[in-house]
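Residues per chain are reported as follows:
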Amino acid sequence: MVGRRGLLVASVIGFGVLLAPAGGLSSPGQAALATMAVVGTLWVTGALPLAVTALLVPPLLVVLGAVPRTGMAVTGFADPVLFLMLGGFALARALQQHGLDRRFALRVLAAGVGGPRTLVLAMMVITAFLSMLVSNTATAAMLAPVAVGLADQVTNRDADDPPANIEVAMLLGVAYAASIGGVGSLVGTPPNAIVVGQLDQLAGIEITFVEWFAIGLPTVLVTLPIAWLALVTVAYPPTADVGPARTMARRELETLPDLDGRGRRTLAVFGLTVALWLAGGLGFLVADVLPGGLYDLLYGGPGRDGALYFAVVGLLSIPALVATDAVDWDDLVDIDWSTLLLIGGGISLANGLAATDALRWLTTTLLDPLTGLQLGLLVVVVVFFSILAGEIASNTAIAAIFAPLLIGFGTLAGDASTGAFLAIAAAVATSFGFALPVATPPNAIAYGTGRVNRSQMLHAGGLLDLGLGLLVAGVLYGLLRLGVFTALL
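Residues numbered from 1 in each chain as written. Predicted model: local features only at pLDDT ≥ 70, side-chain atom pairs only at ≥ 80, totals over all residues. Heavy atoms only, no water.

Chemist: I keep staring at the overall build of the chain and nothing clicks. Help me out?
Modeler: Assigned secondary structure in the chain consists of 25 helices and 0 strands. Rg of the C-alpha trace for the chain: 23 Å, near the compact-globule value of 23 Å for 489 residues, within the 12% margin. With respect to the principal axes defined by its C-alpha atoms, the chain has extents near 70 × 55 × 45 Å. Within the chain, the fraction of its 489 residues that count as buried is 53%. In the chain, the proportion of contacts linking residues at least 24 apart, taken out of those at least 6 apart, comes to 78%. Carbon together with sulfur atoms contributes 65% to the accessible area of the chain, which is approximately 19,500 Å² in total. Looking at charge distribution, the chain has the averaged site of its 20 positive side-chain charges lying 5 Å from that of its 29 negative ones. (Helix = DSSP H or I, 4+ residues; strand = E, 2+ residues; numbered from the N terminus. Rg over C-alpha atoms; globule rule 2.2 N^0.38 Å. Buried < 20%, exposed > 50% of the residue type's maximum accessible area, 1.4 Å probe, protein only. Contact = heavy atoms within 4.5 Å. Areas by Shrake-Rupley, 256 points an atom, 1.4 Å probe, with all protein chains shown as cover. Lys, Arg positive; Asp, Glu negative; His and termini not counted. Charge placed at Lys NZ, Arg CZ, Asp CG, Glu CD.)

This is the structure we're talking about:
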């Protein structure tokens, strides 16, 4: 539903920014800031769907005078990161089409041992793992019904009974593990893709699919066990007999038909795509082994991308799925186009700010007071501010707004790598909003089952926001001190 009041507020703020005196800022720069003000207000208020708001970015940049040509305004919608995400979404849809995701979850659960806490842990590990390979939103949507079914078997719950701790812990565990696991890879969650795209466009820093693992994987490995421990020992300690749930998983596996040829081909294309994504980041291992021409073909050279470039591999996965008759094209139409548009709009906005003097002016005005802070403290401020902002608005939209400012902050301070590090920290932190349904799509999916209410999510999520926020800041700063970011940036 369109929020007319939000549209009016956004229009007033946009005209105010466009007409206000701004010393030292050019007219195109002021137009870019007005575009950001309108779009940011609409993203935060939700007056329009996020993707629809993203489509406003190019026309506003052109009409208000930030950029002279439409072609310049729409470059973000052709960013390679979008095509990486497109391939990831298509693969996720193909896995869903053949029930491969559900088979995997059921097999792991059926083989498990232990009590209710172990069952919650198993669901969270499965969810986090899958969220690193496909979209965390898709993973949460796949596994939330599995969590509900297993919890119902454990509790033998009637429809009118209040949810038991095991049910709440399972659903929140799926939501939180999807968000945490999504941090692990470039295709896991849109904020990762947005910050990588903006780093390439604004700072000339390219982070590969494998290089992101150096940031995301340690964050997942440290924070996931703590999230599980907090859920099952402090927030909602589960007490139940999990035997019936495992029996249900085993029975369902027995009733599933053998995987047909199309399902096996889907699995093969998926496995090959992931393998090529990983291989694309390992060029340094074979640089002295492969002949120069072959190396350039695979990994690229000066001024060109290679066949193993992550966006090329992601795009090729879609024709591969259709050409091998793993799926029909019509099966792939129903993917998350809204997120792709949102990423494109965010990158186009960043490009518009960078094409003028708006980014420099804005970072000088807003972030100058932070230049004196010690870097460790600055990371904590950025992480918690990103979590808080992400709780009240889309984490993807917040990443799209914050990333260019922090990149510009580093450039202004004469240290592009520091700005890049802070932008990555902000993008990662936006996935750690656990307290409200609107914070992340996995939260909304768990809430949408009707088995978790706002107060229950706030109780567990508020605790995790604080504890994991400090932990994320510590992990990222530790990686910086260990030289991981220096090697990447």
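Chemist: Just to check I follow, could you spell out unusual backbone geometry for this structure?
Modeler: With glycine set apart, most residues show a phi of negative sign, and most peptide bonds adopt trans. With a phi angle near 60°, Asp 325 is a residue other than glycine that sits in the positive phi range. According to the relative accessible area criterion, Asp 325 is partly exposed, its value standing at 36%.

Chemist: Honestly, the packing of helix H9 (residues 165-182) against helix H11 (residues 209-235) in this entry has me stumped. Any pointers?
Modeler: To characterise two packed helices, one gives the angle between the axes of the helices and the distance between these axes. For the pair H9 and H11, the least separation of the axes is 10 Å and the interaxial angle reads 165°. With respect to each other, H9 and H11 are oriented roughly antiparallel. When the axes of H9 and H11 are compared, the crossing they make is right-handed. Across the interface between the two elements, Ala 169, Leu 172, Gly 173, Tyr 176, Ala 177, Ile 180 and Gly 181 from H9 touch Val 220, Thr 223, Leu 224, Ala 227 and Leu 231 from H11. Its residues assigned to classes, the contact of H9 with H11 comprises 9 nonpolar, 3 polar and no charged. (Axes fitted to C-alpha atoms, helices over the stretch in contact; angles between N-to-C directions. Parallel < 35°, antiparallel > 145°, perpendicular 65-115°, else oblique. Left-handed = near helix turned anticlockwise from the far one by under 90°. Nonpolar A, V, L, I, M, F, W, Y, C, P; charged D, E, K, R; others polar.)

Chemist: Explain a nonpolar patch on the surface here, please?
Modeler: Where nonpolar side chains cluster on the molecular surface, the patch consists of Val 322, Trp 329, Val 333 and Trp 337 and spans about 370 Å² of accessible area. Within the secondary structure, Trp 337 sits in helix H18 (residues 337-355). (Patch = residues over 30% accessible without salt bridge, like charges linked within 9 Å, V, L, I, M, F, W, Y side chains within 5 Å. Salt bridge = Lys/Arg side-chain N within 4 Å of Asp/Glu carboxyl O.)

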